[in-house]
There are 2 protein chains.
Amino acid sequence: MHTASFDGVLDAARQIAPAAVRTPLLEHPALNERLGGRVLMKAETVQVAGAFKFRGAYNRISRLTEDEKARGVVAYSSGNHAQAVAAAARMVGTSAVIVMPADSPRVKVEGVLAFGGEVRSYDRYTESREAIGEEIASTRGSVLVRPFDDPFVIEGQGTTGLEIVEDARARKVEIDQLLCGASGGGLIAGINLSMAALSPDTRVIGVEPAAYNDTLLSLQAGERLTHAPVAHPTICDALMTDRPGELTFPINQRLSGVETVTDAEVAEAVRYAYRTLKLVVEPGGAVSLAALLTGKVEARDRTSAIVLSGGNVDAALFSAIIEDRFIPAT
Amino acid sequence: MHTASFDGVLDAARQIAPAAVRTPLLEHPALNERLGGRVLMKAETVQVAGAFKFRGAYNRISRLTEDEKARGVVAYSSGNHAQAVAAAARMVGTSAVIVMPADSPRVKVEGVLAFGGEVRSYDRYTESREAIGEEIASTRGSVLVRPFDDPFVIEGQGTTGLEIVEDARARKVEIDQLLCGASGGGLIAGINLSMAALSPDTRVIGVEPAAYNDTLLSLQAGERLTHAPVAHPTICDALMTDRPGELTFPINQRLSGVETVTDAEVAEAVRYAYRTLKLVVEPGGAVSLAALLTGKVEARDRTSAIVLSGGNVDAALFSAIIEDRFIPAT
């Protein structure tokens, strides 16, 4: 059994290089000035399919055998992994069935369809996406591409951390702390592998929606806890996995900390990214920025790196946020 | 008298390096695939004050003597130069008065105020901004920072072209054609200087709003013509100068061509940048993208570079465009 490792991250970097975007590590004087420290922003919003998820999906799918390609892939996802799998599947010449919650943002469903993926809808509250995905996989003989509990996926996501360190060092900058959203935990686990190997003094901090704080609760408990269903789900649709992954959790037990942010704070970060940074960041992609802007994670007199992890947001919600018409459900 | 030159562009690059953002040259697989060619996008949207204008303004204002700084600067501008002058003035420790049309986007007026600038409003149709600006300059003894008819401003804007070529060559790419908005013509004149020196085989193409095509008409006539007032102004507020500059026009007579785009085409480009590229681009900053997306400038089987020149757009207009509610006036 392949185990996720930093060597695997290096291998993933070679694997995805022909297909993925080497996203920029941005720095904006206005943000630095506001926070009194340096902030390096990894803009995964401009990644293929609009989120970091393409890295892991392509790293997995591009390794399929010809026989596996003939049978296609299946995935379950709230949306960004869905689009990434559809995009990667098309690039390598295989088919993809995506199991998506019925309340997924329309832009994400349309994204899957535009990449030629087939969508199977399910009810987030009454059906198990894992069960549906596994049934399709066994019926069709397809490979199930898990959103985070797959070592190749974790290693693919880890290339984000590798690039952050490389680009920071090219500017002769060392990173004091790195903030990244945590849901299933694939991205932050992969980043953890990279930082432990390349920059062990960097504090790696997870950020979660306050309404879906399963990573925080699980780390406090020392075991993987499942979050109870939430009546008013967060606008961070990308971060609504209800418990940490089996493979990701042991890696993420090394985290320096976890912070939570409310929907109102996330909306303010999305609006700031629009107004000042001129970037389209989806709510789930803006939690790290929110953690800095609110001061929940101190940015003064240090260098922070954050991942703006995705930019797939419905125009109606984005408009409400930037026009200051958005009212948080909770 | 200092004359704009490529040596001046190189000098401007050194001058602005401590203050300006080295903006990324982005490339998105989805856009390349749609157009059948490579497109390199210079994202001046993430420049200080959200537009390329900071380059020229800082290159001029940072060269003021202590005596000049004590008397402050004055500028007239539809908005992006305004914010750039205010930002640069604050950085070098001088004051700025900005003469802005009463119908400027609110976001641009707020930007000037946020940078500590003083705003003097005027009527675009009945008053002369040049006259007001020059009167303030002579009354206060302030230095007038012209938006394009200043060699230091042209050279500052030219650093955009320098960086495009440097970053393209770092990827071993030669640029077949470079597209850039044309209004007063400062940016494209500066880029012309850079491309003539570094990449003389690159075709440099200007793009204008169809309703404000003074550059096209002037180049056809071989002399600077003034566009008649337009009843329904374009959404490209950044490109509403009514005639080419005195210093910029002779340089821009070397252009390989000029294309025009309608407001509907520009709105579609702004929407595409939001949906697919995840970038906030203002209408006037999206004209080059519009020229490629419409096929008015062929992108197939070649490498194009475009400048996404600014991202300062009111939330109400941006929302209308991304939600497909925008109706062009003409």
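Please refer to the structure higher up on the page.
Now for a look at the structure at hand. (Residues numbered from 1 in each chain as written. Chains lettered and ligands numbered in written order. Predicted model: local features only at pLDDT ≥ 70, side-chain atom pairs only at ≥ 80, totals over all residues. Heavy atoms only, no water.)

### What to know about the overall build of chain A
Move 1: Along chain A, the regular secondary structure elements total 14 helices and 10 strands.
Move 2: If you line up chain A on its principal axes, its C-alpha atoms span 55 × 45 × 40 Å.
Move 3: Across the 330 residues in chain A, those meeting the buried criterion constitute 64%.
Move 4: Of all intrachain contacts in chain A linking residues separated by at least 6 positions in sequence, the fraction that spans at least 24 positions is 74%. (Helix = DSSP H or I, 4+ residues; strand = E, 2+ residues; numbered from the N terminus. Buried < 20%, exposed > 50% of the residue type's maximum accessible area, 1.4 Å probe, protein only. Contact = heavy atoms within 4.5 Å.)

### What about the nonpolar core?
Move 1: Among the nonpolar cores identified, the biggest contains 86 residues, and A:Leu31, A:Leu289, A:Phe318, B:Leu31, B:Leu289 and B:Phe318 are the most heavily contacted of them.
Move 2: Setting aside anything within four residues of it in sequence, one finds A:Phe318 in contact with A:Val270, A:Tyr274, A:Val280, A:Val281, A:Val313, B:Tyr274, B:Phe318 and B:Ile322. (Core = buried A, V, L, I, M, F, W, Y, C linked by side-chain atoms within 4.5 Å.)

### Topic: the pairing of strand E4 (residues 96–101) of chain B
Residues and elements named next belong to chain B.
Move 1: Of all six residues that make up E4, six are buried, and the element is covered over most of its length.
Move 2: Residues Ala-96, Ile-98 and Met-100 line one face of E4 and the alternating positions Val-97, Val-99 and Pro-101 line the opposite face, and both faces are buried.
Move 3: Bridging between strand E3 (residues 73–76) and E4 involves four bridges; their strand directions are parallel. Residue Tyr-76 lies in a different strand from E4, and its bridge partner there is Val-99.
Move 4: Following the backbone out of E3, through helix H5 (residues 80–92) and into the adjacent parallel E4, one traces a crossover that is right-handed.
Move 5: Pairing of E4 with strand E5 (residues 118–122) involves five bridges; the strand directions are parallel. Following the sheet pairing, Val-99 is matched in E5 by Arg-120.
Move 6: Between the parallel elements E4 and E5, the chain passes through helix H6 (residues 106–114) in a crossover that is right-handed. (Pairing = 2+ DSSP bridges. Right-handed = clockwise from strand over helix to strand, strands pointing away.)

### Looking at the interface of chain B and chain A
Move 1: Contacts between the two partners involve 30 residues from chain B and, on the opposite side, 30 residues from chain A.
Move 2: Summing both sides of the interface, chain B and chain A together bury roughly 2,200 Å²; the carbon and sulfur share of this comes to 61%.
Move 3: Together, B:Tyr274, B:Lys278 and B:Val280 form the three largest contributors to the area buried by chain B at its contact with chain A, with a combined 28%.
Move 4: For the pair chain B and chain A, the number of links is two salt bridges.
Move 5: Taking the shortest distance from any N to any O, the salt bridge between B:Arg90 and A:Glu33 comes out at 3.2 Å.
Move 6: Among the secondary structure elements, those contributing two or more residues to the side of chain B that touches chain A are helix H2 (29–35), helix H12 (263–277) and helix H14 (315–322) of chain B.
Move 7: Take the side of chain B that touches chain A: its biggest share by element is five residues, from H14(B).
Move 8: In the side of chain B that touches chain A, the residues fall into 16 nonpolar, seven polar and seven charged. (Buried area = accessible area lost by both parts, 1.4 Å probe. Salt bridge = Lys/Arg side-chain N within 4 Å of Asp/Glu carboxyl O. Nonpolar A, V, L, I, M, F, W, Y, C, P; charged D, E, K, R; others polar.)

### So, the packing of aromatic side chains
The description of an aromatic ring pair uses the distance of the two centres, along with the angle that the planes make with each other.
Move 1: The tally for this structure, following the rule as stated, stands at seven aromatic pairs over all chains.
Move 2: For the ring pair A:Phe318 and B:Tyr274, a centre distance of 5.3 Å and an interplane angle of 45° mean the geometry is tilted. Here A:Phe318 is found in helix H14 (residues 315–322), whereas its partner B:Tyr274 is found in helix H12 on a different chain. Of the two residues examined, A:Phe318 and B:Tyr274, each falls in the buried class.
Move 3: In textbook terms, an aromatic cluster arises when at least three aromatic residues are bridged by ring pairs, as seen for A:Tyr274, A:Phe318, B:Tyr274 and B:Phe318. (Phe/Tyr/Trp six-rings, centres within 6.5 Å; stacked < 30°, edge-to-face > 60°.)

### Side note on the state of the cysteines
All names here are of chain A.
Move 1: According to the stated counting rule, one finds zero disulfides over all chains in the structure shown.
Move 2: No disulfide involves Cys-180; its sulfur sits 13 Å from the nearest other cysteine sulfur, which is in Cys-236.
Move 3: The class of Cys-180 is buried, set by a relative accessible area of 0%. (Disulfide = S-S within 2.5 Å.)

### Thoughts on the pattern of salt bridges
Move 1: A full pass over the atoms with the stated rule returns 50 salt bridges over all chains.
Move 2: The salt bridge partner of A:Arg60 is A:Asp150, with a shortest N-O separation of 3.2 Å. Here A:Arg60 is found in helix H3 (residues 53–61), whereas its partner A:Asp150 is found in the loop between strand E6 (143–144) and helix H8 (151–170), with 90 residues between them in sequence.
Move 3: Residue classification places A:Arg60 among the buried positions, given a relative accessible area of 15%.
Move 4: When its relative accessible area of 8% is taken as the criterion, A:Asp150 is described as buried.
Move 5: The partner of B:Asp11 in a salt bridge is B:Arg14, with the nearest N and O atoms 3.6 Å apart. Separated by three residues within a single helix, B:Asp11 and B:Arg14 lie in helix H1 (residues 6–16), roughly one turn from each other.
Move 6: Residue B:Asp11 is classed as partly exposed on the basis of its relative accessible area of 28%.
Move 7: A single salt-bridge network, built from bridges that share partners, covers A:Lys42, A:Glu44, A:Arg55 and A:Glu163.

### Observations concerning the packing of helix H8 (residues 151–170) of chain B against helix H9 (residues 186–198) of chain B
Residues and elements named next belong to chain B.
Move 1: At a closest axis distance of 7 Å, the pairing of H8 and H9 adopts a crossing angle of 45°. Considering their axes alone, H8 and H9 lie oblique with respect to each other. You can see that H8 and H9 cross each other, and the crossing is right-handed. For the pair H8 and H9, contact is made by Ile-154, Gln-157, Gly-158, Thr-160, Gly-161, Leu-162, Val-165 and Arg-169 and by Gly-186, Leu-187, Ala-189, Gly-190, Ile-191, Leu-193, Ser-194, Met-195 and Leu-198, respectively.
Move 2: Class assignment of the residues belonging to the contact of H8 with H9 gives a composition of nine nonpolar, seven polar and one charged. (Axes fitted to C-alpha atoms, helices over the stretch in contact; angles between N-to-C directions. Parallel < 35°, antiparallel > 145°, perpendicular 65-115°, else oblique. Left-handed = near helix turned anticlockwise from the far one by under 90°.)

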